Amino acid sequence: LVKKQKGVNNTELIEEFHRAQVALRGQKIHFVIAHAKNRKSDYLHTFSINFDQLPAVFFVEDNLTKMVRYLHEGPLTVSALSGFYDKWRAKALIPYHRSEDAPKEDKNLVRTAVSKNFYEFLKDKESHVLVLIYDQKNPKEPCKICTAFEQAAGLTVEANRDKKIMFAKLNAEHNELSNIDLYELPGLLYFPAKRETEIHHVQTPLDTYKVKQIVNHLNHVMTTNIEDLLKHTEL
């Protein structure tokens, strides 16, 4: 994926890309060169990458249910791209997801999660984990559902002093999550304590900004019989 602008010469890069295509002939790989004309290019949205990060090479794996992308980081040479493909064959690559940087210090009751650190929140399997997933393009604007969730989190902790509970929020506009599909936002992910797998209950949309109703919902999902809960979960 390269920039298509005046003054930007991609000839050498494209020639090297073609040489890699020859080197990997017979591997059932389609080589495609896409040009992003500006910051509004649909390609940038599809690959969740910024215009300033170009040129970039992705290996795209289509497993029929969703597109999995792997971003090549390093020199764009034949040997480097061949090594990139070898790592994919060895399943040694980590899928690429759009992510903000994680806060350096976060001691708030409702912590800020990003794609890079999301699964760190799930390591303590003795804790209930409740995550608000919301969609906000401009981070400078007030987030009403975040404020309501933070107030509800405080009241929920007061009502459940005997439970270990962790709260987090994630802005889906700037962060992607694999294996979790939320089609309506804002939504709530619940990971019950003493879980053996990353089972999560999805409640979407979280269609109220009333703190009391959010509190009631949080208390409900944490007291629901686990067998009943599993009827409405995704793996």
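Our subject is the structure that appears above.
Description of the structure in this document. Here the structure is a predicted model, which means the values were calculated and not measured.

### A look at the packing of helix H4 (residues 144–159) against helix H5 (residues 211–223)
Part 1: Direction vectors running N to C along H4 and H5 enclose 55°, while the axes themselves pass 8 Å from each other. In terms of orientation, H4 lies oblique with respect to H5. Relative to H5, the crossing made by H4 is right-handed. Contacts between H4 and H5 involve Ile145, Ala148, Phe149, Gln151, Ala152, Leu155 and Thr156 from the former and Val211, Ile214, Val215, Leu218, Asn219 and Met222 from the latter.
Part 2: Of the residues contributing to the contact of H4 with H5, the split by class is 10 nonpolar, three polar and no charged.

### Points about H4
Part 1: With 16 residues, H4 ought to run about 22 Å at 1.5 Å a step, and its terminal C-alpha atoms sit 23 Å apart, in line with that.
Part 2: Buried within H4 we find Ile145, Cys146, Ala148, Phe149, Ala152, Ala153 and Thr156. Considered in projection along H4, the buried side chains sweep an arc of 155° and stay on one side of the axis.
Part 3: If you follow the buried residues of H4, they end up packed against strand E5 (110–112), strand E6 (128–134), strand E7 (165–171), strand E8 (187–191) and H5.

### Concerning the side chain of asparagine 10
Part 1: Position of asparagine 10 among the secondary structure elements: in the loop between strand E1 (2–3) and helix H1 (11–23).
Part 2: Within the local environment of asparagine 10, its side chain forms a polar contact with the backbone oxygen of lysine 3, the two atoms lying 2.8 Å apart.

### Side note on the pairing of E8
The two faces of the sheet receive side chains in turn, since in a regular strand these alternate between them.
Part 1: With five of five residues buried, E8 lies mostly within the body of the structure.
Part 2: Side chains of E8 alternate between two faces, with Gly187, Leu189 and Phe191 and Leu188 and Tyr190 buried alike.
Part 3: In terms of strand pairing, E6 meets E8 through five bridges, oriented antiparallel. Looking at E8, one finds that isoleucine 133 is bridged to glycine 187.

The rules behind each value
- Residues numbered from 1 in each chain as written.
- Predicted model: local features only at pLDDT ≥ 70, side-chain atom pairs only at ≥ 80, totals over all residues.
- Heavy atoms only, no water.
- Axes fitted to C-alpha atoms, helices over the stretch in contact; angles between N-to-C directions.
- Helix = DSSP H or I, 4+ residues; strand = E, 2+ residues; numbered from the N terminus.
- Parallel < 35°, antiparallel > 145°, perpendicular 65-115°, else oblique.
- Left-handed = near helix turned anticlockwise from the far one by under 90°.
- Contact = heavy atoms within 4.5 Å.
- Nonpolar A, V, L, I, M, F, W, Y, C, P; charged D, E, K, R; others polar.
- Expected span 1.5 Å × (residues − 1).
- Buried < 20%, exposed > 50% of the residue type's maximum accessible area, 1.4 Å probe, protein only.
- Arc of directions from axis to C-beta.
- Polar contact = N/O pair within 3.5 Å; in protein donor to acceptor, adjacent residues only side chain to side chain.
- Pairing = 2+ DSSP bridges.

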